[in-house]
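A look at the structure
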Amino acid sequence: MKKMYHYLLMSLLVLCLTIPALAAEAASIALLPLINNVKGDEIANQIFYKSAIGTINAQQGYTIVDNDQITAIIEANKNGNKVPNEAALKKIAKDAKVDIVIAVQLDELHDDPVFPSGERYVKLTMRGKAVAYNALTGKYYQHQIYSDKEIDETLTSRWDWVHEEWGYAVRHEMNRILQVKKVMVDAPRMSKL
């Protein structure tokens, strides 16, 4: 009889712990198309979608919403070749019934040789802007995307360094918007001898 009460109590405990998890709902995200002001660079669009969608899908509790109704709402609130302002993002979130709206603009993306230099270096020029509105918290996010890294030109001969850096910047912005924190683990410290 004691075992029966034990099993009944454990079943009740499991049921109580799973009910809140079943009630939790994922936050819906509307990811606006990239506003690409770099003429002739279609690879930047592909990298943007791959990096942004991959980063959002890697996080628990978020789901990207995309349908004809949301596309029509986004088209109605376009701001030319600039990201929508805070009021437009709020309107998109309200009309599309989504929790988070994200927009990214790319203005410059190229590398140039650095002169004068004894070595062969190239300098990355990346400029853009990321904005988001979170309807759950009422917070507006705005951040300039900027990079002027320099690297030895011989290191860039085997891969597309410029677009790899763009993908990294997109992932970084998505993590900032979703407020993803990286967990830092302290390495074991060596004792002094």
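This text follows the structure it describes.
Residues numbered from 1 in each chain as written. Predicted model: local features only at pLDDT ≥ 70, side-chain atom pairs only at ≥ 80, totals over all residues. Heavy atoms only, no water.

**Quick look at the overall build of the chain**
The helix and strand tally for the chain stands at five helices and seven strands. Looking at the 193 residues of the chain, the share that counts as buried comes to 34%. Pairs at least 24 residues apart make up 66% of the contacts formed inside the chain by residues separated by at least 6 positions. (Helix = DSSP H or I, 4+ residues; strand = E, 2+ residues; numbered from the N terminus. Buried < 20%, exposed > 50% of the residue type's maximum accessible area, 1.4 Å probe, protein only. Contact = heavy atoms within 4.5 Å.)

**Topic: the nonpolar core**
Counting 29 residues, the largest nonpolar core has Phe48, Ile102, Val104, Leu109, Trp166 and Met174 as its most contacted members. When residues of this core are traced back to their parent elements, those giving at least two are β1 (27-31), α2 (43-58), β4 (100-113), β5 (121-134), β6 (139-147) and α5 (161-177). The element that contributes the greatest number of residues to this core is α5, accounting for seven residues. Among all residues touching phenylalanine 48, those that are not within four sequence positions of it are Leu31, Leu32, Pro33, Leu34, Val104, Trp166, Val170 and Met174. If you look at the next biggest cluster of nonpolar residues, it comprises 16 residues, including Ala30, Leu32, Ile73 and Val98. (Core = buried A, V, L, I, M, F, W, Y, C linked by side-chain atoms within 4.5 Å.)

**Some remarks on the pairing of β6**
Where β5 meets β6, nine bridges bridge the pair, whose relative direction is antiparallel. From the neighbouring strand, alanine 130 faces β6, where its bridge partner is histidine 143. Here β5 folds back onto β6 in antiparallel fashion, the turn holding four residues, of which glycine 138 has a positive phi close to 75 degrees. (Pairing = 2+ DSSP bridges.)

**Looking at the pairing of β4**
As a general feature of sheets, a regular strand has side chains that alternate between the two faces. The sheet contact formed by β1 and β4 spans three bridges and is parallel. Residue pairing in the sheet places alanine 30 in a bridge with valine 101 of β4. The sheet contact formed by β4 and β5 spans 13 bridges and is antiparallel. For histidine 110, the partnering residue across the bridge sits in β5 and is threonine 125.

**A short note on the layout of surface pockets**
Taken as a whole, the largest pocket holds about 220 Å³ of empty space. In this structure, the largest pocket is lined by 15 residues; those nearest its centre are Asn134, Lys139, Tyr141, Ile177 and Gln179. Listing elements by their share of the lining of the largest pocket, those giving two or more residues are β5, β6 and α5. Considered class by class, the residues forming the lining of the largest pocket number 10 nonpolar, three polar and two charged. (1 Å grid on protein atoms, 1.4 Å probe; cavity = no way out; pocket = protein on both sides within 12 Å on 5 of 7 lines; lining within 4 Å. Points joined across faces, edges and corners; volume = space filled by probe spheres on them. Nonpolar A, V, L, I, M, F, W, Y, C, P; charged D, E, K, R; others polar.)

**Considering the pattern of salt bridges**
Enumeration over the complete set of coordinates arrives at five salt bridges. When the shortest N-O distance is used, the salt bridge between lysine 78 and glutamate 75 registers 3.6 Å. Exposure remark for glutamate 75: the relative accessible area of 44% places this residue in the partly exposed category. A salt bridge links glutamate 86 to lysine 90; the nearest nitrogen and oxygen atoms lie 3.6 Å apart. You can see glutamate 86 and its partner lysine 90 sitting in helix α4 (residues 86-96), four residues apart, about one turn around the helix. (Salt bridge = Lys/Arg side-chain N within 4 Å of Asp/Glu carboxyl O.)

**With respect to helix α3 (residues 68-76)**
Three or more residues of α3 are buried, namely Ile70, Ile73 and Ile74. Seen end-on, α3 carries its buried residues on one side only, within an arc spanning 100 degrees. Exposed positions of α3 whose direction lies more than 90 degrees from the buried face are Asp68 and Ala76. Residues of α3 that are buried sit in contact with β1 and α4. At the N-terminal boundary of α3, the capping side chain belongs to asparagine 67, with an oxygen 3.1 Å from the backbone nitrogen of glutamine 69. (Arc of directions from axis to C-beta. Polar contact = N/O pair within 3.5 Å; in protein donor to acceptor, adjacent residues only side chain to side chain.)

**Concerning the environment of leucine 32**
Along the polypeptide, leucine 32 turns up in the loop between β1 and β2 (35-36). For leucine 32, a relative accessible area of 5% gives the class buried. Contact partners of leucine 32, with chain neighbours within four places excluded, come to Phe48, Ile74, Pro84, Ile92, Val101, Ile102 and Ala103.

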